[in-house]
Structure formats: structure tokens, C-alpha cells
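Listed below are the residues making up each chain.
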Amino acid sequence: MTELVATTPGLFPLPDWAKSDLADLKGRQKADLISGDESNAVVSTYERARAAVVDDQFDADLDLFVEGQLRWDDMLAHPLTVHDRVEAGRIARYYDNNNFYRDPRVVGELTPSGDVGVELTAASELIDETAPLQAVLPGPYSLADLATDAYYGDEREFLSALAEFLAAEVDAFPDHETLFLLEPSLVESPPGDDVAEAVPEAIDVVASATDADVVVHTYFGALGEKTYAHLMDADVDAFGLDLVADDREATVYNAVEYGVPDAVALGVADGQNTRIESAETLRERASWFTEQVPMADFDTVYLSTNTELFYLPVNRYREKLAALAAAADIEREVSA
Amino acid sequence: MVRNPSNREQFRPADHDAEHFLLTTVVGSYPKPTWLTRAKKLADDSESGFDERALAEAQDDAARLITHEHERAGLDTVVDGEMRRDEMVEYFAHRIPGYEFNGPVKVWGHNYFDKPSVVSEVEYDEPWLLEEFEFTASVATRPVKVPITGPYTLARWSFNEAYDDEAALAYDLAELVNEEIHRLVEAGARYVQIDEPALATTPGEHAIVGECLERIVDGVPEDVRVCLHVCYGDYSKLYPAINDFPIDEFDVELCNDGYEQIDVFRSPAFEPDLALGVVDVHTAEVESVAEIKSNIEQGLKVVSPDRLTVSPDCGVKLLPREIAYQKLENLATAAREIEAELDADEIEIAGPSDD
Ligand SMILES: [Zn+2]
């Protein structure tokens, strides 16, 4: 029997009132972005915004709740851009999108910062044990890909330092049910041969810091065959796979050819389009995958958007959450 | 294939006293006067008593003012600084049936954009820019250029809920742009610029932009100058494909990175006219006339002087207004000095084929 779990990769859009309040409080320029030492007014605005997106998840009736990552001005680069030993560099394009972030330039040893743990603790208090908490972090490879190393000097060493850094962040997390490690860079700029083997090792370092179920979530398309095969060496509970992208057939091929863990997170709803898929469509997309991978016996299928949700206007993001929850609810338990 | 770049001669001012003629122009946007921004805010607030008619008057005043500011700077062709437009995609999406707005989305930090959704087939309804053009032409003493956001950018920077893919949407939008250009031409427009900044982010899709341009220029008379503006891209991925585009002129920013990519356009031979960015729009330091002259000479590495247009890198709307003005004035002065030096045979033209 397969358990269906409605969840998201987080990084929600700010509520519209918070968009303008924070623009007024912080400013709109590069130097005004989040630094980790915000004023009280900024902190309390984010607290109200966090409460609003926790409510959104209650309203949608999701099975796992995220904190929303509303403070992550630099998206997945956030855990580095707030670090003391990182300089916020030039404004860089965020993958293939019309979005930009500050390129974090690592100039010193990456000691634990606790920044993400503080956010999760606040979320956990809001949720108050009425729903399980899902932690979200960039995976070590994507974080390395988004950053510039001016300290460690070697690609593998940098990757392993980032893994240790992320593991230390996880150490400071409150109790959580799942940890999503977002790894779009594995698709967008796959590791070369010299680093490919180090990727599952780095992921293991982060994964071993928690007792929660760990999902390595990939998107912006299918993983390359080689990357996928290497990822099978990682000791994680689930892969997250993009079923919205045009090349989704390649994802099925990878799973059939190289196997797949007993749990899988399926990016069935498009996080980058305002078109709202019905619950039935989302379920069909999930079955489209699971039925083509007959040898796998999935105990858990997470139903999710493929990407983060900040690309969407607030009304549509809420509708996406509701559609995911409804899709998981069509019948609670089905056989794969 | 290029259209008819020789249509540039019509923009030579009657009192132009040099034999050489470098066409001077702008990309389009210009800083809005502070009072216009305030008027817009007032008009958005229903309790202010400042109504749409008052806003329209303010926009007319601003368009007149900035058109004249362009003329005072000495430019050969002018724009109203896009005083009536808030944003390059939103403005058009509001005027095209088939589009819907759901709210702001993040671009970066706390900068947002009302990214529209295409929810049904796009259609042509009321003209988009006819009033803007007619007004500007009525107050200008110089020819008016009309910048239009291109169909590829309108498609890429929207959510596509209705079409099979973005190319199909872009082609439909290109038909609408064609319709709009026909109306503008009927009203007297002789210089239109298609803005396609989205092409810089996905240069691999240049064939779609080429297809769009074929639709855009369909039936447009040869004496109408058609320019394509692209900015902040890796041009090794676009060149020489743009030689096949049906355009008269290709406008490109290269000043901001010190013409690092200029050689890309030298081989094979550049076919359309080149409109080259010679002032940076992201730095508030005003380039000196001497500096701009040496930037203009970069353009002469690609095309001969009779095929060179000079403009800022991109729209100047993010600059302080006095800085924007100074840059344009220095740009015009530099062009006139280069023309005089060319007339006097004082400039060695490197020529596209020499090194
Ligand atoms: Zn531009």
C-alpha cells in the first residue's frame, strides 16, 4: 500500500501586504536585502508573514507543513548570504528564470550559523504539533553551484565543507518529520566526472544529521543518466522528480533503468505556471509515473509542486496547495 | 535577410551640415518627472479627487516635456520617454484581450512585477500605442521612434495557460504587433523598434524570434525603419543568426562591459545597420564626450559610418533625470564631432574586415 502525502518544496511567495511593507522597511536595492541582523520592525513583519503562510497550509490541509522560507531573498543561496564569512557578490541570474540573487562569495571557514533553525523553531511553535513539520534546505551541490568559493580552493573540498555546514544547520533544527534537500543544480548544471562521486557522499553527510525522512528533490527537468546513477548511491529515503517538465519521459527511463528508492516525491503541479491543475490531473500524473515503474513498491509518494512556489502570485500559490491536498485525499490509501 | 537599411537617410535633419550622418537615438524609456509619479499615485487613490482626466493631462505634459528634452539634447530621432507606460510587459498585456492579472511576483529582492497570465487566445482590440505616437509626433520637431515590446518577450515573461507552447503564443502575439505597426505607419510612423530583452536569456531560441519578425514586418513598407533591440546577452550565441532577421537595424548594449563582445559581430560581415550603445545606463557617472567618441569608434569596427546609429545601452529610466539628460547631450555632441572628423578624413576606419 502506498501512502500519499501532500507537501511542497517551500520558498513561498510573500503575502502581498508583506511585499510592500518589507519593500518600505528594507528598501529595494541590493544592499537592502536580508543580512541576518534585521531590525525589530522587519523581524516582526516576517513573523506575521510566516503566520499567514502557516495558515495557508492549514486552509489547504496539507499533510506536511513548511516554514515558507519567506526571508530567503536570495532563494536557495540564502543560508550562505546571511553568513558572516560570506560576502554578497554581484547580482546573478537564478537558473534560467527572470529572477536574480546575490552570488554568495565564501571568504572564510563556514562555521554553523543557526539561521535556518531559528526560522524552523518559530514555525514549529506556530504549528504547535497539529501538523508535522518539514524542513527545507538547499542540497550541498546546488549550494556549491550557486556560490563562489574564495576560501577552500578546491571544488570537492568546497562541496564537502558545504555539506558539513548544512549538517551543522540541521543539528540546530527542532523536531521535523521530513527534510527536503532541493537540488535543481543537479539538473541545470550537472556535476562533472571528478565531482559526481562526491555528490552522494555530501548528501549523506547532511542526511545523517537528522532522523527525519530525507528527500533529495530535483527539478527544472530530468536528471542526466550519469547523475541519476550516482545519486542512487546516496543514503536517502526518497528522490524528488519533476513530472511537469517536457523531458519527464527521461525521468521514467532513469527510474526503470537505475532503480528508485521506496519513497518518491513527484513534482506533479507546475510551480511556475498560474494554470491550476485539478486534483484528478495531479493524481493521473503521479500514476503515469508509478505505473511505468512496476518493479518499485512505493511505500510513500509525496505529491508536490516541481519547483519552489515564489514564482506564483499569491492567489494561485494558494490554489496549488489546495489542489495538492485534494489530490492526496481522493482516496487516502491506494496500491501503486 | 535584412530589409532596407538605406531608409535611414530620411532621418537626416534638414539643417545637418556634415556630409557624414550618424543617426542618434534612444532606446526608449526615460526617468519620469517626480510629479508624474506622484500624480499616478494620486490617481490610483480614489479618495484623492485626482481623476483619470487629470492624470491624462499630466501624462500629456510629461510626454511633451521629455520629447522636448530629447530634442534639446540634440538627438535626431526622439521618443516621449515612455511616460504613459509603467512596465514593458504589463502595459501591453493590459491592452491585449486574452491576458489576465493575478498579482505581483518576485523578480529579485523586493522588486516585483505584475506578471500576467495568458488565459485564452490573444486578440487585437484597441490600438496600443496610436495615441502615444500621435501625441508625440504632434509636439515633436524631429522624427519619432516607437518602441514596442516584442512578442517573444511578451510570451516569455507571462504565464502561459492557454497555448501549447511559448512559440505558438509568440507567433500569435507577433500577428498583433504587425497589426499595430500597420496602424502606426498609417498614422505616419517611420521608425519602430522591437524590444526583445528575453532573447538574451534564451539565445538558443533565436529561430522563434526570427519567425516572429517575419510576421511583424509582413506588409510593412520598405521606407519604415525596423529596429530590433536586445540587451545584456552572450552574442556569440545569437550571431550570425541575426543576419537572417528581416530588420533594418540591430540595437545592442555593449558599453557596460567595455565592448568585450564587439569582435563577435565582425565576422562574418554584419548585415543590418548597427545601433550601438555608447553610454552605460547602469552607472550614474556621465561619460565625457571624448569617452563616448572612442565608444562610437568601436562601432566603426563593425559597420561603415553610413550604417552606424548611436544610442544608450538600454532605456535610461533608472538614472537620475539630470544624469540621463547629460548622457544624451554628450552622446549627441560626440556623434557630431565624429561626423566632422570623418568629413575631414581625420579618422582611420578600421572596417569590419581589417584587424
Ligand atoms: Zn534593453
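The preceding data block contains the structure.
Given the structure is predicted, the values throughout are model-derived calculations rather than measurements.

## Section: the overall build of chain B
Part 1 of the argument: Of the regular secondary structure elements, chain B holds 10 helices and 12 strands.
Part 2 of the argument: Taken against the 2.2 N^0.38 rule, which gives 20 Å for 355 residues, the C-alpha radius of gyration of chain B at 20 Å falls within 12% of a compact globule.
Part 3 of the argument: Projected onto its principal axes, the C-alpha coordinates of chain B cover approximately 60 × 45 × 40 Å.
Part 4 of the argument: Out of the 355 residues belonging to chain B, those deemed buried represent 60%.
Part 5 of the argument: Residue pairs in contact within chain B that sit at least 24 positions apart in sequence constitute 76% of those at least 6 positions apart.
Part 6 of the argument: Accessible surface computed for chain B: about 14000 Å², of which carbon and sulfur atoms make up 46%.
Part 7 of the argument: Positive and negative side-chain charges in chain B, numbering 31 and 75 respectively, have mean positions lying 4 Å apart.

## Here we look at the sheet that holds strand E3 (residues 100-106) of chain A
Residues and elements named next belong to chain A.
Part 1 of the argument: Sheet architecture is open: 3 strands sit in the order E2-E3-E5, paired in mixed fashion. Pairing within the sheet leaves two strands with one partner each, and these edge strands are strand E2 (86-93) and strand E5 (148-149).
Part 2 of the argument: One ladder, built from 2 bridges, connects E3 with E5; its direction is parallel. Each residue of the ladder has a partner; that of arginine 105, found in E5, is threonine 148.

## Some details on the interface of chain B and chain A
Part 1 of the argument: Listed per partner, the contact involves 21 residues of chain B and 31 residues of chain A.
Part 2 of the argument: Here chain B packs against chain A, burying approximately 2200 Å² in sum over the two surfaces, 51% of which is carbon and sulfur.
Part 3 of the argument: A per-residue breakdown of the area chain B buries against chain A is headed by Lys106, Trp108 and His110 of chain B, which together make up 34% of the total.
Part 4 of the argument: Inspection of the region where chain B meets chain A yields 1 salt bridge.
Part 5 of the argument: A salt bridge links glutamate 100 of chain B to arginine 316 of chain A; the nearest nitrogen and oxygen atoms lie 3.0 Å apart.
Part 6 of the argument: On the surface where chain B and chain A come into contact, there are 16 residue pairs in polar contact (both at pLDDT 80 or more).
Part 7 of the argument: Among the secondary structure elements, those contributing two or more residues to the side of chain B that touches chain A are strand E3 (105-108), strand E4 (111-113) and strand E7 (159-160) of chain B.
Part 8 of the argument: When the residues that make up the side of chain B that touches chain A are grouped by side-chain class, the tally is 9 nonpolar, 8 polar and 4 charged.

## Some remarks on empty space enclosed by the protein
Part 1 of the argument: For the structure shown, the criterion picks out 2 cavities of 30 Å³ or more.
Part 2 of the argument: Counted as a void, the largest cavity has a volume near 130 Å³.
Part 3 of the argument: Lining the largest cavity are 15 residues, with Phe12, Leu14, Leu70 and Phe310 of chain A together with Lys106 of chain B positioned closest to its centre.
Part 4 of the argument: What the second largest cavity holds in volume is close to 40 Å³.
Part 5 of the argument: What lines the second largest cavity is simply Val79, Asp80, Glu132, Phe133, Thr136, Val144, Lys145, Val146 and Pro147 of chain B.
Part 6 of the argument: For the lining of the second largest cavity, the secondary structure elements donating two or more residues are helix H4 (130-139) and strand E6 (146-149) of chain B.

Reading the values: rules and limits
- Residues numbered from 1 in each chain as written.
- Chains lettered and ligands numbered in written order.
- Predicted model: local features only at pLDDT ≥ 70, side-chain atom pairs only at ≥ 80, totals over all residues.
- Heavy atoms only, no water.
- Helix = DSSP H or I, 4+ residues; strand = E, 2+ residues; numbered from the N terminus.
- Rg over C-alpha atoms; globule rule 2.2 N^0.38 Å.
- Buried < 20%, exposed > 50% of the residue type's maximum accessible area, 1.4 Å probe, protein only.
- Contact = heavy atoms within 4.5 Å.
- Areas by Shrake-Rupley, 256 points an atom, 1.4 Å probe, with all protein chains shown as cover.
- Lys, Arg positive; Asp, Glu negative; His and termini not counted.
- Charge placed at Lys NZ, Arg CZ, Asp CG, Glu CD.
- Pairing = 2+ DSSP bridges.
- Buried area = accessible area lost by both parts, 1.4 Å probe.
- Salt bridge = Lys/Arg side-chain N within 4 Å of Asp/Glu carboxyl O.
- Polar contact = N/O pair within 3.5 Å; in protein donor to acceptor, adjacent residues only side chain to side chain.
- Nonpolar A, V, L, I, M, F, W, Y, C, P; charged D, E, K, R; others polar.
- 1 Å grid on protein atoms, 1.4 Å probe; cavity = no way out; pocket = protein on both sides within 12 Å on 5 of 7 lines; lining within 4 Å.
- Points joined across faces, edges and corners; volume = space filled by probe spheres on them.

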